[in-house]
Amino acid sequence: MDQRHHAMRFDTEIRVMRVDRNTGNETGIVHGIVQGGSIERNQDTTVTEQATLDLEGSSLFGTDLLRIWADITYADQTSESIPLGTYLWSADKRQTNGPATTIPLTLYGRLRELADDQYAAPISIPAGSDPVAEAEKIITGNGLTVLPHPNSDYRTGTTLTYGLTDDQTDNKLAIANDLLTIAGWTTCRTDPYGHVILQPYTDPSRRKPSWTFAEGPTCRWTKQTTDERETFDTANQIITIYTSQEKEIIGTAKDTDPNSPTSIPNRGRVISKKYRYDDIPENQTDQQLQQMADQKAAELLATNQHAIHRVTGTHIIAPITIGDTICAPDAVEPIEFVKISAPTIEMTFSVNDSPFAGKEGKFVTSRQIRERLFRETMKDVSLRVTETDPTDAFN
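Now for a description of the structure that goes with this document. No experiment lies behind these values; they were computed from the predicted model shown.

**Observations concerning the packing of aromatic side chains**
One pass over the structure, following the stated rule, counts two aromatic pairs. On the basis of an interplanar angle of 75 degrees and a centroid distance of 6.1 Å, the ring pair of tryptophan 69 and tyrosine 193 is categorised as edge-to-face. Here tyrosine 193 lies in the loop between strand 11 (189-190) and strand 12 (196-197) and tryptophan 69 lies in strand 5 (residues 65-74), a separation of 124 residues in the sequence. It is arginine 112 that lies over the ring of tyrosine 108; its NZ or CZ is 4.5 Å from the centre. Sitting over the ring of tyrosine 119, lysine 172 keeps its end group 4.6 Å from the ring centre.

**Focus on the environment of arginine 155**
The topology assignment puts arginine 155 in the loop between helix 3 (131-141) and strand 10 (160-162). Once the C-alpha coordinates of arginine 155 and alanine 127 are considered, the two residues, 28 residues apart in sequence, prove to be 7.5 Å apart. Not counting chain neighbours up to four residues away, the residues in contact with arginine 155 comprise Gly128, Ser129, Asp130, Pro281 and Glu282.

**Things to note about the sheet that holds strand 18 (residues 272-277)**
Taken in spatial order, the three strands of this open sheet run 17-16-18, and their pairing is mixed. The sheet is open, and its two borders are formed by strand 17 (248-254) and strand 18, each paired with just one other strand. Strand after strand, the sheet turns through a mean of 15 degrees between neighbouring axes, direction not considered. As paired strands, strand 16 (residues 237-243) and strand 18 are joined by six bridges and run parallel to one another. By the bridge assignment, isoleucine 239 is partnered in strand 18 with lysine 274. Taken strand by strand, helix 6 (residues 286-304) contacts strand 16, strand 17 and strand 18, and its axis lies near 40 degrees from that of strand 17.

**Considering the pattern of salt bridges**
On inspection of all chains with the given rule, the structure shows ten salt bridges. As a salt-bridge pair, glutamate 26 and arginine 67 come within 3.1 Å of each other at their nearest N and O atoms. Placement of the pair is glutamate 26 in strand 2 (residues 26-29) and arginine 67 in strand 5, with a sequence separation of 41 residues. Here arginine 67 falls in the buried class, since its relative accessible area comes to 5%.

**Here we look at the side chain of threonine 156**
Here threonine 156 lies in the loop between helix 3 and strand 10. When near neighbours in sequence (up to four residues on either side) are disregarded, threonine 156 contacts Pro126, Ala127, Gly128, Ser129, Pro131, Asp279 and Glu282.

**What to know about unusual backbone geometry**
Positive phi, normally seen in glycine, also occurs at threonine 48, with a value near 70 degrees. As for its placement among the helices and strands, threonine 48 is situated in the loop between strand 3 (38-41) and strand 4 (49-56). Note on threonine 48: relative accessible area 8%, which makes it buried.

**Quick look at the packing of helix 3 against helix 4 (residues 172-182)**
Two elements in contact, helix 3 and helix 4, have axes whose closest approach is 8 Å; the angle formed by their N-to-C orientations is 160 degrees. When the axis of helix 3 is compared with that of helix 4, the two are roughly antiparallel. The crossing of helix 3 and helix 4 is left-handed. Packed against helix 3, whose contacting residues are Pro131, Val132, Glu134, Ala135, Ile138 and Ile139, the element helix 4 presents Lys172, Ile175, Ala176, Leu179 and Leu180 at the interface. The class makeup of the residues in the contact of helix 3 with helix 4 is nine nonpolar, no polar and two charged.

Rules used throughout
Residues numbered from 1 in each chain as written. Predicted model: local features only at pLDDT ≥ 70, side-chain atom pairs only at ≥ 80, totals over all residues. Heavy atoms only, no water. Phe/Tyr/Trp six-rings, centres within 6.5 Å; stacked < 30°, edge-to-face > 60°. Helix = DSSP H or I, 4+ residues; strand = E, 2+ residues; numbered from the N terminus. Lys NZ or Arg CZ within 6 Å of the ring centre and 35° of its normal. Contact = heavy atoms within 4.5 Å. Pairing = 2+ DSSP bridges. Axes fitted to C-alpha atoms, helices over the stretch in contact; angles between N-to-C directions. Salt bridge = Lys/Arg side-chain N within 4 Å of Asp/Glu carboxyl O. Buried < 20%, exposed > 50% of the residue type's maximum accessible area, 1.4 Å probe, protein only. Parallel < 35°, antiparallel > 145°, perpendicular 65-115°, else oblique. Left-handed = near helix turned anticlockwise from the far one by under 90°. Nonpolar A, V, L, I, M, F, W, Y, C, P; charged D, E, K, R; others polar.

Laid out in structure tokens, this is it:
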């Protein structure tokens, strides 16, 4: 859909096709789809894509996937078909009303296949490895296709070990995403055909708009916007610490701008946040590492001082996906992206060898504490739990 057709009136029909899991080829149309349904893309979730459909009848699809298409006819009588997504399907419920049977289908993006799988034994990524290449091995090893992508010049500075727990957060998708994050790439996402996209992270403020929306017959903007800004705890000093077994690099950034409302002079006090990173890139001089640490501190300082500005638009359909940027014609300057901050405090838990160990409390063993923390990571995006080289301790 181009901008010219996007401004036209158009009619849309939704078509659902069966897709052979092994070949990726469409094998036939799915009949009996009830009008309605939804598709949701959310970058705050690891699988990122989910959809719902209602199916009349009782026929299901075996190991096949489902692909949803939007067949569009424009006012000038031209037409095109836009793929909206390729999904795993789940049919856990069946509704019967007399002779009629309806099955609500829940659909999941193909990244769910990685999220559901775990390694039978721990795996180690040696120091000096390309984390993007290692992530790609994990993805293709589960039968998914990775689209062509640039090469990564990042190399790990220490050995990384995964799969030491039975917790569901230690799944293959989480491992692949962690490796991509280490390299400074975006986490996994899929295109409408179910292929996995790997790409270096680019701040949305530096991206060109993918779409421009104008108020009119084809677009309506809601009148209300929310500008959230909680400044009491806003940091005006950031400390970044990069550590390895051989060295430690400390970066700092301070807000001393007299025009900044949260700067040290205007607040009259220092509000610090500290970030730790357990991997130092290899083949870089101390000067380059120091520059990297200072630059990261400056980025995090800017992130901590951003206001969250939410703007809501209502529209029928547009091929927008995660990572795209949009703007209004009179506001082409993009809003800087607010990244989720990394954990600010690091703690090490190990076996209690005190003579008073186990005297108080209900869940007192390190194993129970570790299991509780790993469960918390499933719903707290700011929490990260990692194993250490000594198997009786974790961070």
